[in-house]
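Structural overview for review
As a plain string of letters, each chain reads:
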Amino acid sequence: MDFFGASFTAALKLLIAFDATVWEIIQTSVSISVAAAFIAALLAIPAGVFTALTEFSGKTTLQHILNTLMAMPTVVIGLLLYGLFSRMGPLGELGLLYTQSAMIIAQSILIFPIMMNLTLVTVNTADPRLILTLKSLGADKWQQCFQVLKAVRLAVLVAILTGFGRAIGEVGAAMMLGGNIEGYTRTMTTAIALETSKGEFELALALGIVLLMIAFILNFALSWINRRLT
């Protein structure tokens, strides 16, 4: 207990003193995850709404695929993208490996099915009278999508926050594609893994505290939104 107590106190001092190393890692981690959530939301939200409002063969299969992708291990995504981005890979000339761009792409792919599936479920459970009303007023497919999205915007925000939470806690793909480069691609999760292995428990614990705080804030926000929806 003395070791853990001393380490916890030292970790709090690092945060309170705004240690440059700690806050640089936090900034890098948050900025990468925010960018990934933004990109994924731009693609996944419209795709989820459009899929929910459109009947086509293979729709059930698509939902099964989305459910499968939601549970895909992050290291698998990292492995596939590593093969694409490596020097010998088909996209090696782009020089994306060990960059923030590669990490953003990986996190976007990781959370895309989460956001799309949650949006799809949200629209499917929305008031069916809204669609009937829009159709009776002559709204085309894109106008229907816009109005439905407007009606379920709080639930869609839940999907975005859920995706962001998944992205910021990701470690496998971030380690493989980012390389854990200090001051550039070192995120909170990769830094925790590295610093713990080095015996720098105080720094790792400080970053762990920040991750827990972010998780608490996200859960509080999701709970507040859910109360607004009920």
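This section reports on the structure supplied with the text. (Residues numbered from 1 in each chain as written. Predicted model: local features only at pLDDT ≥ 70, side-chain atom pairs only at ≥ 80, totals over all residues. Heavy atoms only, no water.)

1. Some remarks on the side chain of Glu195
Tracing the sequence through the fold places Glu195 in helix H10 (residues 188–198). Not counting residues up to four positions away in its chain, the partners in contact with Glu195 are Arg186, Glu200, Phe201, Leu203 and Ala204. (Helix = DSSP H or I, 4+ residues; strand = E, 2+ residues; numbered from the N terminus. Contact = heavy atoms within 4.5 Å.)

2. Focus: the pattern of salt bridges
Summed over all chains, the structure comprises three salt bridges. Between Arg186 and Glu195 there is a salt bridge whose closest N-O contact spans 3.9 Å. With respect to class, Arg186 is no different from Glu195; both count as buried. Note that Lys198 and Glu195 form a salt bridge whose closest N and O atoms lie 3.7 Å from each other. Within this pair, Lys198 and its partner Glu195 are both found in helix H10, separated by three residues, close to a single helical turn. Overall, the relative accessible area of 5% leaves Glu195 in the buried class. (Salt bridge = Lys/Arg side-chain N within 4 Å of Asp/Glu carboxyl O. Buried < 20%, exposed > 50% of the residue type's maximum accessible area, 1.4 Å probe, protein only.)

3. Details of the side chain of Arg186
Its place among the elements puts Arg186 in the loop between helix H9 (172–178) and H10. Among the polar contacts listed, one links the side chain of Arg186 to the backbone oxygen of Asn180, at a separation of 3.1 Å. Those residues in contact with Arg186 that lie beyond four places of it in its chain are Ile25, Thr28, Asn180, Ile181, Ala191, Leu194 and Glu195. (Polar contact = N/O pair within 3.5 Å; in protein donor to acceptor, adjacent residues only side chain to side chain.)

4. What to know about the layout of surface pockets
It is a probe the size of a water molecule, rolled over the atoms, that shows where empty space is left. Roughly 200 Å³ of internal volume is contained in the largest pocket. If you go around the largest pocket, you meet 14 residues; those closest to its centre are Ala52, Leu53, Val123, Pro128 and Ile131. Elements with a minimum of two residues in the lining of the largest pocket: helix H2 (20–53), helix H5 (100–124) and helix H6 (128–136). For the lining of the largest pocket, the element with the most residues is H6, which contributes five residues. Of the residues in the lining of the largest pocket, the class split is nine nonpolar, one polar and four charged. (1 Å grid on protein atoms, 1.4 Å probe; cavity = no way out; pocket = protein on both sides within 12 Å on 5 of 7 lines; lining within 4 Å. Points joined across faces, edges and corners; volume = space filled by probe spheres on them. Nonpolar A, V, L, I, M, F, W, Y, C, P; charged D, E, K, R; others polar.)

5. Some remarks on empty space enclosed by the protein
Enumeration over the complete set of coordinates arrives at one cavity of 30 Å³ or more. In this structure, the largest cavity is lined by Ser29, Ser33, Gln107, Ala167, Ile168, Glu170, Ala174, Thr187 and Thr189. Of all the secondary structure elements, the ones that give two or more residues to the lining of the largest cavity are H2 and helix H8 (153–168). Here the lining of the largest cavity is built from residues that sort into three nonpolar, five polar and one charged.

6. Focus: the nonpolar core
Of all hydrophobic cores here, the largest spans 50 residues; its most connected members are Met115, Leu177, Met188 and Leu207. Beyond its immediate chain neighbours, meaning those up to four positions away, Leu207 contacts Val22, Ile25, Ile26, Met188, Ala191 and Ile192. Ile32, Met103, Ile104 and Ala174 belong to the second-largest nonpolar core, a separate cluster that totals five residues. (Core = buried A, V, L, I, M, F, W, Y, C linked by side-chain atoms within 4.5 Å.)

7. Things to note about the packing of aromatic side chains
Per the counting criterion, the structure on display carries two aromatic pairs. With a centroid separation of 5.2 Å and an interplanar angle of 25°, the aromatic rings of Phe50 and Trp142 are classed as stacked. Of this pair, Phe50 sits in helix H2 while Trp142 sits in helix H7 (residues 141–151), and the two are 92 residues apart along the sequence. Assessed through its relative accessible area of 31%, Phe50 is described here as partly exposed. (Phe/Tyr/Trp six-rings, centres within 6.5 Å; stacked < 30°, edge-to-face > 60°.)

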